[in-house]
Amino acid sequence: MTLRIHEIAAAIGADYAGDGEILVVRAAEPSSAGAEDLALAMDPRYREALAQGNARAAVLWPGADWQALGLQAAIFVDRPRYAMAGITAGFDRPPEIPPGIHPTAIIDPSAEIGEGAAIGPFCVIGARVRIGRNARLQGQVTVAEDARIGDDALIHAGARIGSRVVIGDRLIMHYNAVVGADGFSFVTPEPSAVEAARASLGRETAGATPQSYVRIASNGSVRIGCDVEIGACSTIDKGTVADTAVGDGTKIDNHVQIGHNVTIGRDCLLCAHAAVAGSSRLGDRVVLGGQAGVGDHLVLGDDVIAAGATAILSNVPAGRVMMGYPAMPMDRNIDAYKALRRLPRLAGKVAMLEKRLAKLEGKS
Amino acid sequence: MTLRIHEIAAAIGADYAGDGEILVVRAAEPSSAGAEDLALAMDPRYREALAQGNARAAVLWPGADWQALGLQAAIFVDRPRYAMAGITAGFDRPPEIPPGIHPTAIIDPSAEIGEGAAIGPFCVIGARVRIGRNARLQGQVTVAEDARIGDDALIHAGARIGSRVVIGDRLIMHYNAVVGADGFSFVTPEPSAVEAARASLGRETAGATPQSYVRIASNGSVRIGCDVEIGACSTIDKGTVADTAVGDGTKIDNHVQIGHNVTIGRDCLLCAHAAVAGSSRLGDRVVLGGQAGVGDHLVLGDDVIAAGATAILSNVPAGRVMMGYPAMPMDRNIDAYKALRRLPRLAGKVAMLEKRLAKLEGKS
Amino acid sequence: MTLRIHEIAAAIGADYAGDGEILVVRAAEPSSAGAEDLALAMDPRYREALAQGNARAAVLWPGADWQALGLQAAIFVDRPRYAMAGITAGFDRPPEIPPGIHPTAIIDPSAEIGEGAAIGPFCVIGARVRIGRNARLQGQVTVAEDARIGDDALIHAGARIGSRVVIGDRLIMHYNAVVGADGFSFVTPEPSAVEAARASLGRETAGATPQSYVRIASNGSVRIGCDVEIGACSTIDKGTVADTAVGDGTKIDNHVQIGHNVTIGRDCLLCAHAAVAGSSRLGDRVVLGGQAGVGDHLVLGDDVIAAGATAILSNVPAGRVMMGYPAMPMDRNIDAYKALRRLPRLAGKVAMLEKRLAKLEGKS
């Protein structure tokens, strides 16, 4: 990938100065940037690192004196992280998936594959599947019967798409991700210990007559919007009767679990190991930090944010930032945590007060 | 799938009223149910939703006035969740796996495959493997040498079964699940910092001379009972000398980790992201909520229940309901949590008491 | 596998007594050991269990009276766990992967496969890949373009290695593990609610104008040292500009997540479900217990140990043992936890003190 400075500036809508014809082959950290690299130094604190490297061109903070920094060209950005999207897209090398359908791929005759599709070796595409235009399946992918995938999908090796799953356009699905396994739903013939414990907040587990579980099948499937990305080894289960649903623009990291019947809004962000238990509903733009969990049958409003490792065990109104186990509003959680750190000292102080008080009482 | 009302009622052992010959094609939520759907309205609070939909037939609570609800037929159930098992089973559409062995499957000549088996494309079955009757392997599955699987297994794409694993009848294994990877077991030549920290509860990490780890191999394998279900991307590791073991009827959700040498009883329920560390023993009917963890070398009695995200770090007697990190009995954990929320206020009150006491002391 | 007592003793550098020519076929627990087994009884508390079994040979604690225990041969060890490494290695049965390249494997003509490699069925090896000598790929493995793997790799079925990943010698990679998926990195055009919440510790989420995410591509890849083991279903993401890096000798359990740009030192131990968020740096010999998490952009010094389920949300100096959520030094966390258990009682005591104080104040 070789780009000119003026091309990059145009692509990200930024101004540049100096020799716009300079060619760069990749973005690099300032201190290790070579003569062919574009150094990323969007903050004055990278000034020194820039001097250590050999970059001729860099992305700088607004107003930076690029000539004094020894550069021959510079691009100026005021929202560095957003600029990164454009810059890394420019240098991106998409997976090499040869065009056309690989002769080893097994595609049911009733499946419809859109124009321009590239389907790699050892893929298995089931009956009546429909895949849109320009799909790229890297190889060793499974798409089970009756699934439908929109245009421009990029699906990496080992990804599995279950029967009747429906996905919109521009899906990105990473290695070994799974959409459309059966929901985890079992029931005992008579009320079980878990039901008793839930009803009594743990005080009772009576009625624990040994019973085996009976399976509730997943008659529903999964419905996913457009522009959704699903990380490696993540799983989204089928619904029981209706479909599990994920809205447009939602991004899902690795090892994420989305249980049966869950509904997730649009433009949500679910970080690694986040889990949403069965039948919960998340609004739009909800963010779950890494390892955060949401219990079953809960409702989270729009714009709820959960810090990493938060365990949400009750409904959360829109716009709230949550933290802790069980989750509290983040500022209260931080106060409680600070108080907890000082708690052993507080207990000592109370013991001392009691002694002093007893002494006074003895006198009076 | 098309079923008559009287067929469904008979299958779930329930009474029905009205026209038992009505045909339905699927179960549906009451408000969105069409004329060919069986509305699920097992609670009076669905009365209004039923009116919004167009169902002609519904599953209702006992004693419901089905005619007043505008229905032509109704099935009556008093344990709705249990009825769901029968109803969803009726409408279930099992994975389409063509009968017989797909020509691309690679099966070692020494393997024995039972009568009626369906083995999909690109499966790899190792030497001396034995698979029971009517197994259905969806394709792209691995069964390594010397593994044995009982009758009626259903194994989804990407599942991996390691060498010498033994599994009973009626296994269900979901996409990309793994049984029989090596245990995670390493040792340093001299005692390590972790060993010192454990022995001293974190006060000491002395003796941290840099050392590299040496591997302890997994001579054991995994032994799994009958009627076990293993969720997508879940893992059960081999034992060191003896086998890791999972009892009959135990159900395992997605992303669950069962470490080496672990023993799990029968009819347990391990929800998504639950993890059991090496050599721990769980009794029968134990339930681990989502993201719950059990430390290594622990013993959990029968009927123990751990709420979601619970971290169990010591033994738990039978029948106890646990919650928190580290786990306490659930009712104590809830009390402690409530007190924690009020802790900043308590600290303020103690400071105030101290002032008042000092004032009194000054007087006396 | 059949070994003589004197061979095992020599392999683990231990003394033996009795008939060194006795043949054993496997290691076993003392109580269930048969005449052909080597009983593992490295502690006097196994004395009785030994008597229950039928072992003729055992591994014993130093100075044990092997003849009184009814044995014909004994090996003596003083660090049992370390001895286990040698003993289990002796009895280990490595995966059966026939030598040579399986005819169904698809290997790009530009790939270089080292001498002695065994590559199983349905593997897909991309353009310009280089794999070292004696590699063993079990089948159904993906190695994407430009990846490089050192000598003596053992890679189990379903493992995926992304483009441009570089791995050293003696890699062990388990079923369905993933190295080199894209990092999880997104940005909104304008500052988002998450950015506001982070800056204000959760007090503000203002500026939550609905926005969709733009993707930051992963121009970097992953660089892994020698002697690294990667557990089943674990994931290591590519870096944004530089490579995500894992040092020599580091061992990674199942379901572990290592985010983009993370740097992990040598000889670290990451237990199941541990997660390290983007751009954090771990020193050498760091140990993360099961389900432990490290937030993004943090620095953990050498020899840091995190107990299971610990959530590290700020930097940690070298040598510290951490526990809790958020993490505290372990001893402080234990003190705080004990105080938390007693907190409801403490609150009651404070209320009582207040009453007594008010009474005194009334008198004075």
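Residues numbered from 1 in each chain as written. Chains lettered and ligands numbered in written order. Predicted model: local features only at pLDDT ≥ 70, side-chain atom pairs only at ≥ 80, totals over all residues. Heavy atoms only, no water.

K.L.:
Please explain the interface of chain A and chain C as it appears in this structure.
P.N.:
A common way to express how large an interface is: the accessible area buried when the components associate. At the interface, 80 residues of chain A touch 89 residues of chain C. Both faces combined, the contact of chain A with chain C buries some 6300 Å², and carbon together with sulfur accounts for 62% of it. It is A:R79, A:F122 and A:Y175 that lose the most area in chain A upon contact with chain C, and together they represent 10% of the buried surface on that side. Summed over the shared surface of chain A and chain C, the number is 6 salt bridges. A salt bridge links C:R128 to A:E96; the nearest nitrogen and oxygen atoms lie 2.6 Å apart. Taken together, the connections running from chain A to chain C amount to 33 residue pairs in polar contact (both at pLDDT 80 or more). Broken down by secondary-structure element, the contributors of at least two residues to the side of chain A that touches chain C are strand 4 (26-28), helix 3 (80-91), strand 28 (251-252), strand 31 (269-270), strand 39 (321-323), helix 5 (330-341) and helix 6 (343-363) of chain A. (Contact = heavy atoms within 4.5 Å. Buried area = accessible area lost by both parts, 1.4 Å probe. Salt bridge = Lys/Arg side-chain N within 4 Å of Asp/Glu carboxyl O. Polar contact = N/O pair within 3.5 Å; in protein donor to acceptor, adjacent residues only side chain to side chain. Helix = DSSP H or I, 4+ residues; strand = E, 2+ residues; numbered from the N terminus.)

K.L.:
Looking at this model, I keep getting lost on the interface of chain C and chain B. Mind explaining?
P.N.:
Taken residue by residue, the interface counts 80 residues in chain C and 89 residues in chain B. Of the roughly 6400 Å² buried at the junction of chain C and chain B (both faces included), carbon and sulfur atoms supply 62%. Ranking the residues of chain C by area buried against chain B places C:R79, C:F122 and C:Y175 at the top, with a combined share of 10%. At the surface where chain C touches chain B, the tally comes to 6 salt bridges. Along the contact surface separating chain C from chain B lie 33 residue pairs in polar contact (both at pLDDT 80 or more).

K.L.:
Whenever I open this one, the pattern of salt bridges confuses me. Can you help?
P.N.:
Counted by the stated rule, this structure contains 45 salt bridges over all chains. Here B:D243 ties to B:R223 by a salt bridge, and the two come within 3.7 Å at their closest N and O atoms. Remark: B:R223 occurs in strand 24 (residues 222-224) and B:D243 occurs in the loop between strand 26 (235-237) and strand 27 (244-246); sequence separation between them is 20 residues. Among the ionic pairs, C:E354 bridges to B:K349, the shortest N-O distance being 3.7 Å. Taken as a pair, C:E354 in helix 6 (residues 343-363) and B:K349 in helix 6 (residues 343-363) lie in two separate chains rather than in one. Note on C:E354: relative accessible area 24%, which makes it partly exposed. A residue is classified by how much of its surface remains accessible, and B:K349, at 36% relative accessible area, is partly exposed. Three or more residues are tied together by salt bridges with common partners; here these are A:K349, A:R356, B:E354 and B:E361. (Buried < 20%, exposed > 50% of the residue type's maximum accessible area, 1.4 Å probe, protein only.)

K.L.:
Honestly, the pairing of strand 7 (residues 73-76) of chain C in this entry has me stumped. Any pointers?
P.N.:
Residues in a regular strand project their side chains so that they alternate between the two faces of the sheet. Residues and elements named next belong to chain C. Residue alternation in strand 7 divides its side chains into two sets, A73 and I75 and A74 and F76, and both sets are buried. For strand 2 (residues 15-18) and strand 7, the ladder comprises 4 bridges, and the chain directions are antiparallel. The partner of A17 across the bridge, within strand 7, is A74. When strand 6 (residues 57-60) meets strand 7, the two strands line up parallel, connected through 4 bridges. (Pairing = 2+ DSSP bridges.)

K.L.:
Just checking my understanding: could you explain the relation of the copies chain C and chain B for this structure?
P.N.:
Relating the two copies of this chain is a rotation about some axis coupled with a shift parallel to it. Least-squares fitting of chain C to chain B yields an RMSD of 0.0 Å, with the transformation described by 0.0 Å of translation along the axis and a rotation of 120 degrees. What the superposition gives is, in effect, a three-fold axis relating one chain to the other. (Least-squares fit on C-alpha atoms with pLDDT ≥ 70 in both.)

K.L.:
Can you help me understand the confidence of the model for chain A in this one?
P.N.:
Parts of the model with low pLDDT should not have their predicted coordinates read in detail. Averaged over chain A, the pLDDT score is 95; the fraction of residues at 70 or greater is 98%. Both confidence scores are given for the complex: pTM 0.97, ipTM 0.96. (pLDDT = per-residue confidence, 0-100.)

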